[in-house]
Amino acid sequence: MWTALTHSLCELGESPFWHPHEGALYWLDIPGRALLRTRGVLNADVPVERWPMPQEPGCIAPARRGGLVVALRDGVYRAPSWGGALQLMAPAPHDAATLRFNDGKCDPLGRFWAGSLNEPKTARDATLYCLDAREGRQPALQPMLNDAITANGLAFTPRTLYWTDTPSHAIRAWDWQPVTNTLGAARVLHQFADKAGCASAGQPYGGRPDGATLDAQGRYWVAMYEGAQLLCLDAEGAVQQSLPVPAQCPTMPCFGGDDLRTLFVTTGRKGRPPDELQRQPQAGHVWMTRTEVQGVPVDFFDD
């Protein structure tokens, strides 16, 4: 049973995480140019704070020394406190007229990763970057992967990095050495059929892979944009579970609550057909449900 957070409406919600020290859910609205968080006991009517941003935020993560790290269109910023001044850590090494940051999060060693998105969808110049600010390092965005249009689906296990170029309908995995931060050869974890393929096969379209998270068993939970579902994949890429979502365009899941057994998912409504929004008036809200499986805690940024 899914429950919508009443005050959570966004045009395109993204990048949710549960803050264990605050007992709060954080997320963002990309076209709405805002960061959001809950305050108080988490229920359907929980109050939500909104912090306007000067540009579109693509992803956020909590920082160990307090506050957040935020990827805006033109760079990665440090936000030492909610509502305070933003401090530029690293300018974006891309043309902000056509590219912006999108999906991202921290790895278990405290580095911040952010992928970009080509807005015109005309070039495969989206890139996954890593920013390391630990132990006095000078923050800089190091390119790690490229040849993409829309970076999404980032997740880490102790030895694997998952990443998705959403238009390709493919989730890929790399062997990853976290200490040296090196990647091995890519493999396709799961290839989904696109709209044309589904139409030719006479099958309903299941959506394309967007944001993702992991559970405590190391399984990969991915939001299927336009597919109205979350899928749970094992380490071999086999679908273990399909969980319908009451919005056509889920964007990213995360686990939270004190026991990490509440599953949250952000959703979008921007650009959706009027008849769809009439059927799903709460599209764009954050939804939550209780699960038997436990998630993993969010990774913090170290600087």
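Right above here is the structure, for reference.
Residues numbered from 1 in each chain as written. Predicted model: local features only at pLDDT ≥ 70, side-chain atom pairs only at ≥ 80, totals over all residues. Heavy atoms only, no water.

Participant: Teacher, can you tell me more about the overall build of the chain here?
Facilitator: Counting secondary structure elements, the chain contains two helices and 24 strands. Taking 303 residues into account, the globule formula puts the C-alpha radius of gyration at 19 Å, and the chain, at 18 Å, falls close to it. The principal-axis extent of the C-alpha atoms belonging to the chain is close to 55 × 45 × 40 Å. Taking all 303 residues of the chain together, the buried fraction comes to 58%. Surface summary for the chain: the accessible area is close to 12,300 Å², and the carbon and sulfur share equals 51%. (Helix = DSSP H or I, 4+ residues; strand = E, 2+ residues; numbered from the N terminus. Rg over C-alpha atoms; globule rule 2.2 N^0.38 Å. Buried < 20%, exposed > 50% of the residue type's maximum accessible area, 1.4 Å probe, protein only. Areas by Shrake-Rupley, 256 points an atom, 1.4 Å probe, with all protein chains shown as cover.)

Participant: Could you clarify how one ought to interpret the side chain of Asp165 in this entry?
Facilitator: Structurally, Asp165 can be placed in strand E15 (residues 160–165). Only 2.9 Å separates the side chain of Asp165 from the backbone nitrogen of Thr150, close enough to count as a polar contact. Residues in contact with Asp165, not counting those within four places in the same chain, are Arg124, Asp147, Ala148, Ile149, Thr150 and Ala170. (Polar contact = N/O pair within 3.5 Å; in protein donor to acceptor, adjacent residues only side chain to side chain. Contact = heavy atoms within 4.5 Å.)

Participant: Any chance you could explain the sheet that holds strand E18 (residues 208–214) here in plain terms?
Facilitator: Paired through backbone hydrogen bonds, the strands of a sheet run either parallel or antiparallel to each other. The four strands are arranged E18-E19-E20-E21 in an open sheet whose pairing can be described as antiparallel. A strand with exactly one partner marks an edge of an open sheet, and here the two such strands are E18 and strand E21 (239–244). Between one strand axis and the next, the sheet turns by 25° as a mean value, whatever way the strands run. Two strands pair when backbone bridges link them, and E18 and strand E19 (residues 220–225) are joined in this way by five bridges, in the antiparallel orientation. Residue pairing across strands places Leu214 opposite Tyr220, the latter belonging to E19. (Pairing = 2+ DSSP bridges. Axes fitted to C-alpha atoms, helices over the stretch in contact; angles between N-to-C directions.)

Participant: What is the right way to look at the nonpolar core in this model?
Facilitator: The nonpolar side chains of a soluble globular protein tend to be buried with one another. With 18 residues, the main nonpolar core has Val76, Phe101, Phe112, Leu131 and Phe301 as its most contacted residues. For this core, the secondary-structure elements that each account for two or more residues are strand E6 (57–62), strand E7 (68–72), strand E9 (87–91), strand E10 (99–106), strand E11 (112–118) and strand E12 (126–131). In this structure, Phe112 is in contact with Cys59, Ile60, Ala61, Val69, Ala71, Val76, Lys105, Cys106, Tyr129, Cys130, Leu131 and Phe301, ignoring residues within four places of it in sequence. (Core = buried A, V, L, I, M, F, W, Y, C linked by side-chain atoms within 4.5 Å.)

Participant: Could you clarify how one ought to interpret the packing of aromatic side chains in this entry?
Facilitator: Two descriptors summarise a pair of aromatic rings, namely the distance from one centre to the other and the angle between the planes of the rings. Evaluated as defined, the whole model comprises eleven aromatic pairs. Pairing Trp18 with Phe264 gives two aromatic rings, centres 6.0 Å apart and planes at 10°, and the pair type is stacked. Of this pair, Trp18 sits in strand E2 (residues 13–19) while Phe264 sits in strand E23 (residues 262–267), and the two are 246 residues apart along the sequence. A single burial state applies to Trp18 and to Phe264, both of which are buried. (Phe/Tyr/Trp six-rings, centres within 6.5 Å; stacked < 30°, edge-to-face > 60°.)

Participant: Just checking my understanding: could you explain the pattern of salt bridges for this structure?
Facilitator: Side chains that differ in charge, positive against negative, can pair when their charged atoms come close. Tallied over the full model, the rule gives 23 salt bridges. The partner of Asp303 in a salt bridge is Arg78, and the shortest N-O contact between them spans 2.6 Å. Of this pair, Asp303 sits in the segment after strand E24 (287–290) while Arg78 sits in strand E8 (residues 75–79); the two residues are 225 residues apart in sequence, bridging distant segments of the chain. Of the charged contacts, one joins Arg137 and Asp132 as a salt bridge, the two residues approaching to 3.5 Å between their closest N and O atoms. Residue Arg137 is classed as partly exposed on the basis of its relative accessible area of 37%. One network of salt bridges, with partners in common, ties together Arg33, Glu56, Arg73, Arg100 and Glu119. (Salt bridge = Lys/Arg side-chain N within 4 Å of Asp/Glu carboxyl O.)

Participant: I tried to follow the sheet that holds strand E3 (residues 24–29) on my own but got confused; where do I start?
Facilitator: Spatially, four strands are ordered E2-E3-E4-E5 in an open sheet, and the strand pairing comes out antiparallel. Where the open sheet ends on each side, the last strands, each with one partner, are E2 and strand E5 (48–52). Strand-to-strand, the axes of this sheet are offset by a mean angle of 20°, without reference to chain direction.

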